[in-house]
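A closer look at the structure
Now for the letters of each chain:
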Amino acid sequence: MTSIDAFIRKQKPGAQFVISAQMLRMQPQEFDKLAQQWLDDGGPGFNVVGVPHRVVVDGDFLISRVTVIRTSAAV
């Protein structure tokens, strides 16, 4: 998760940006589980906004990309 933390720190509070499975070099199944947690509890220094983008993998709709907004919380 170091890469996501470093990426989040570069963003100013209030900035809106996208985090994707590809960006984190994760499989869709792994990213979907992580994104579900972010939807429920927020992420480290950000909150998910809008509707997550989903892809179909083996008949399942998995989250592959989320739009987030940087909070003022420490990462």
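Structure: see above.
The structure presented is a predicted model; accordingly, all values stated were derived computationally and were not measured.

Points about the sheet that holds strand E1 (residues 16-20)
Pairing is antiparallel across the open sheet formed by three strands, whose spatial order is E1-E3-E2. A single partner strand is all that each edge strand has here, and the edge strands are E1 and strand E2 (46-57). The mean angle between the axes of side-by-side strands here comes to 25°, regardless of whether they run parallel or antiparallel. With five bridges joining them, E1 and strand E3 (residues 60-70) adopt antiparallel strand pairing. When the sheet's bridge partners are listed, Ile19 is paired in E3 with Val66. Across the sheet, helix H2 (residues 28-41) lies against E1, E2 and E3, angled at about 50° from E3, the strand it touches most.

Structural notes on unusual backbone geometry
Of note, Arg25 is a non-glycine position whose phi angle comes to about 55°, a positive value. As for its position among the elements, Arg25 is in the loop between E1 and H2. For Asp58, which is not glycine, the phi dihedral falls at a positive 55°. When you line up the elements, Asp58 lands in the loop between E2 and E3.

Points about the packing of aromatic side chains
Tallied over the full model, the rule gives three aromatic pairs. Considering the side-chain rings of Phe31 and Trp38, the 5.8 Å spacing of their centres and the 85° angle between planes classify their relative orientation as edge-to-face. Grouping residues by exposure puts Phe31 and Trp38 together as buried.

Here's the deal with the nonpolar core
Judged by nonpolar contacts, the single largest core of 15 residues is most densely connected at Ile19, Phe31, Trp38, Val66 and Val68. Listing elements by their share of this core, those giving two or more residues are helix H1 (2-9), E1, H2, E2 and E3. Ranked by residues supplied to this core, first place goes to H2 with four residues.

Rules behind the numbers
The residue numbering used here restarts from 1 in each chain and proceeds along that chain's sequence as written. Local features in this predicted model are restricted to residues of pLDDT 70 or higher, and side-chain atom pairs are both shown and tallied only at a pLDDT of 80 or more, whereas totals for entire chains, interfaces and linings draw on every residue. Side-chain measures were taken over the full set of non-hydrogen atoms in the model, leaving aside hydrogen atoms and water. Pairing between two strands is assigned when DSSP locates at least 2 bridges connecting them. Starting at the N terminus, helices and strands are each numbered in turn, a helix being any DSSP run of H or I of at least four residues and a strand any DSSP run of E of at least two. A fitted line through C-alpha atoms represents every axis, and for helices the fit uses only the stretch in contact; the resulting angles, taken between N-to-C directions, go from 0 to 180 degrees. Throughout, a contact is declared for two residues whenever any of their heavy atoms are within 4.5 Å. The aromatic pairing rule takes the rings of Phe, Tyr and Trp, using the six-membered ring of Trp, and pairs them if the centres are within 6.5 Å, calling planes under 30 degrees apart stacked, those over 60 edge-to-face and the rest tilted. Accessible area is worked out with a 1.4 Å probe on protein chains only. A residue is then buried under 20% of its type maximum, exposed over 50%, and partly exposed in between. As used in this record, nonpolar core signifies buried Ala, Val, Leu, Ile, Met, Phe, Trp, Tyr and Cys residues forming a set joined through side-chain atoms within 4.5 Å.

Purely geometric numbers; function is a separate question.
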